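This is what each chain is made of:
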Amino acid sequence: MDPRKLFPAVLPAAALILLTAVAEAQAPAAAPPPSAPPAGAQPAPAKKPGFLKAYKFRPMLYWGAGLGLNILPARNNLCPDNTTCVGSPAGFGFSLDMGARFHYLVGLELTYDAFFFSKASSYYNQATWQSVRLDARIYVLAGANIEVYIMAGGGVNFFGDKFDVDSTGGGFEAGVGIDFVPSQAFTVGAQVLYRGSVFKSFCPEYADCVTSPSSRVSREFMHGVLIMVNLQFRYIIVGAS
């Protein structure tokens, strides 16, 4: 065969072989298999789970009860003639609530509470501040065994002596709360709320406003701070996703 004809035929094959060799030379070397740990070496300690433990939220109904204090910065606002008709600036009381939480960030609850203040001689034997209110919970930390929320709402307030009602008024409350969730069946929590109410003009039950008109209390704003601990029981809505 004529060498001049053979050279053009072999040239493409030689070029392909040369390119293959160059590519193999530039390819990274395969990683060596992982070596076994040396004899006697301690294995790496397993990571401990964090304190916060998530749970899968499901819509729920709940009810609960609480105990706490109502602290009045100005306890004599509802006292006529500059008297001290409320014996103590702090009253002990309780609350009952029931609510629904259809979204993991929002809940609505209806609450009744009553707080009792110590005796003031010749005036109230046990001044009582009650309220019925509707509150909204907006959760800023939710879906774990610690939940933090903002609470705000309003309702009707009642003031009198030993559950008697001398005056009523509209009111509001707002504050923060925290719940510890040992299981999805119940929670243990605490709240700090600021509350205020405008009470209508009234005559205290211990006074005679006919013979002593100055004993009548004018329309007045009353406010205080609630510090509560509570226990709530949860009921998962059957069939909720």
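See the structure printed just above.
What counts and what doesn't
- Residues numbered from 1 in each chain as written.
- Predicted model: local features only at pLDDT ≥ 70, side-chain atom pairs only at ≥ 80, totals over all residues.
- Heavy atoms only, no water.
- Buried < 20%, exposed > 50% of the residue type's maximum accessible area, 1.4 Å probe, protein only.
- Helix = DSSP H or I, 4+ residues; strand = E, 2+ residues; numbered from the N terminus.
- Contact = heavy atoms within 4.5 Å.
- Core = buried A, V, L, I, M, F, W, Y, C linked by side-chain atoms within 4.5 Å.
- Pairing = 2+ DSSP bridges.
- Axes fitted to C-alpha atoms, helices over the stretch in contact; angles between N-to-C directions.
- Phe/Tyr/Trp six-rings, centres within 6.5 Å; stacked < 30°, edge-to-face > 60°.
- Lys NZ or Arg CZ within 6 Å of the ring centre and 35° of its normal.
- Disulfide = S-S within 2.5 Å.
- Salt bridge = Lys/Arg side-chain N within 4 Å of Asp/Glu carboxyl O.

Trainee: Residue-level account of unusual backbone geometry, with values.
Mentor: Positive phi, close to 70°, is recorded for Ser-122, a residue that is not glycine. Classification of Ser-122 by relative accessible area gives exposed; the value is 63%. Even without glycine at this site, Phe-163 takes up a positive phi of about 75°. Examined against the element boundaries, Phe-163 turns out to sit in the loop between strand E5 (146-161) and strand E6 (167-183). The partly exposed category is assigned to Phe-163, whose relative accessible area is 44%.

Trainee: An account of the environment of Val-229 is requested, with residue identities and associated values reported.
Mentor: Position of Val-229 among the secondary structure elements: in strand E8 (residues 220-236). Sequence separation of Val-229 and Ala-190 is 39 residues, and the distance between their C-alpha atoms is 4.3 Å. Discounting chain neighbours no more than four positions away, the residues touching Val-229 are Ala-65, Gly-66, Leu-67, Gly-189 and Ala-190.

Trainee: Now, about the nonpolar core: what can you tell me, with residues and values included?
Mentor: By size, the foremost hydrophobic cluster in this structure holds 21 residues, and its most contacted members are Val-86, Phe-117, Trp-129 and Phe-159. Put simply, the parts of the chain that give this core at least two residues each are strand E4 (127-141), E5, strand E7 (186-199) and E8. Ignoring anything within four residues of it in the chain, the contact list for Phe-117 reads Asn-70, Leu-72, Val-86, Ser-88, Pro-89, Ala-90, Gly-91, Asn-125, Gln-126, Ala-127 and Trp-129.

Trainee: Residue-level account of the sheet that holds E4, with values.
Mentor: Across a sheet, paired strands are connected by hydrogen bonds in the backbone, their directions being either parallel or antiparallel. With antiparallel pairing, eight strands are arranged side by side around a closed barrel as E1-E2-E3-E4-E5-E6-E7-E8. The sheet shows a mean angle of 25° between the axes of neighbouring strands, direction not considered. When E5 meets E6, the two strands line up antiparallel, connected through 14 bridges. Residue pairing in the sheet places Ala-152 in a bridge with Ala-174 of E6.

Trainee: Give me the packing of aromatic side chains: which residues, what numbers.
Mentor: When we look at a pair of aromatic rings, we describe it by the centre distance and by the angle of the planes. Inspection of the entire model under this criterion finds 12 aromatic pairs. For the pair Phe-172 and Tyr-194, a centre-to-centre distance of 6.0 Å together with 50° between the ring planes defines the contact as tilted. With Phe-172 in strand E6 and Tyr-194 in strand E7, this pair connects stretches of sequence that are 22 residues apart. The class for Phe-172 is partly exposed, based on a relative accessible area of 38%. Three or more aromatic residues link up through ring pairs in this structure, and these residues are Tyr-123, Tyr-124, Trp-129, Phe-159, Phe-199 and Tyr-206. Over the face of the ring belonging to Tyr-139 we find Arg-101, whose NZ or CZ atom lies 3.8 Å from the ring centre. The side chain of Arg-195 reaches across the aromatic face of Trp-129, ending 4.9 Å from its centre.

Trainee: Describe in detail the pairing of strand E2 (residues 90-103), supporting the description with residues and values.
Mentor: As paired strands, strand E1 (residues 60-71) and E2 are joined by 12 bridges and run antiparallel to one another. Bridge pairing links Trp-63 to Met-98 in E2. Direction of pairing for E2 relative to strand E3 (residues 106-116): antiparallel, over a ladder of 10 bridges. Bridged to Asp-97 within E3 is Thr-111. With antiparallel pairing between neighbouring strands as the criterion, E2 and E3 make up a hairpin whose turn holds two residues.

Trainee: If you had to explain the state of the cysteines to someone new, which residues and values would you point to?
Mentor: Scanning the entire structure with this criterion turns up two disulfides. Covalent S-S linkage joins Cys-79 and Cys-85, the inter-sulfur distance amounting to 1.9 Å. What sets the handedness of the Cys-79 and Cys-85 disulfide is the S-S torsion sign, and at about -80° it is left-handed. Through a disulfide, Cys-203 is tied to Cys-209; the S-S separation comes to 2.0 Å.

Trainee: Explain the environment of Phe-199 to me, and be specific about the residues and the numbers.
Mentor: Structurally, Phe-199 can be placed in strand E7. Taking the C-alpha atoms as reference points, Phe-199 and Gly-170, 29 residues apart in sequence, are found 7.2 Å from one another.

Trainee: Describe the pattern of salt bridges, with residues and values.
Mentor: In total, this model carries eight salt bridges according to the counting rule given. A salt bridge links Arg-133 to Asp-135, with the nearest nitrogen and oxygen atoms 2.6 Å apart. Comparing Arg-133 with Asp-135, the two get one shared label, buried. For the salt bridge of Arg-234 with Glu-147, the shortest nitrogen-to-oxygen distance reads 3.0 Å. Placement of the pair is Arg-234 in strand E8 and Glu-147 in strand E5, with a sequence separation of 87 residues. Each of Asp-113, Arg-133, Asp-135, Glu-173 and Arg-195 takes part in one network of salt bridges that share partners.

Shape is all these values report; function is a separate question.
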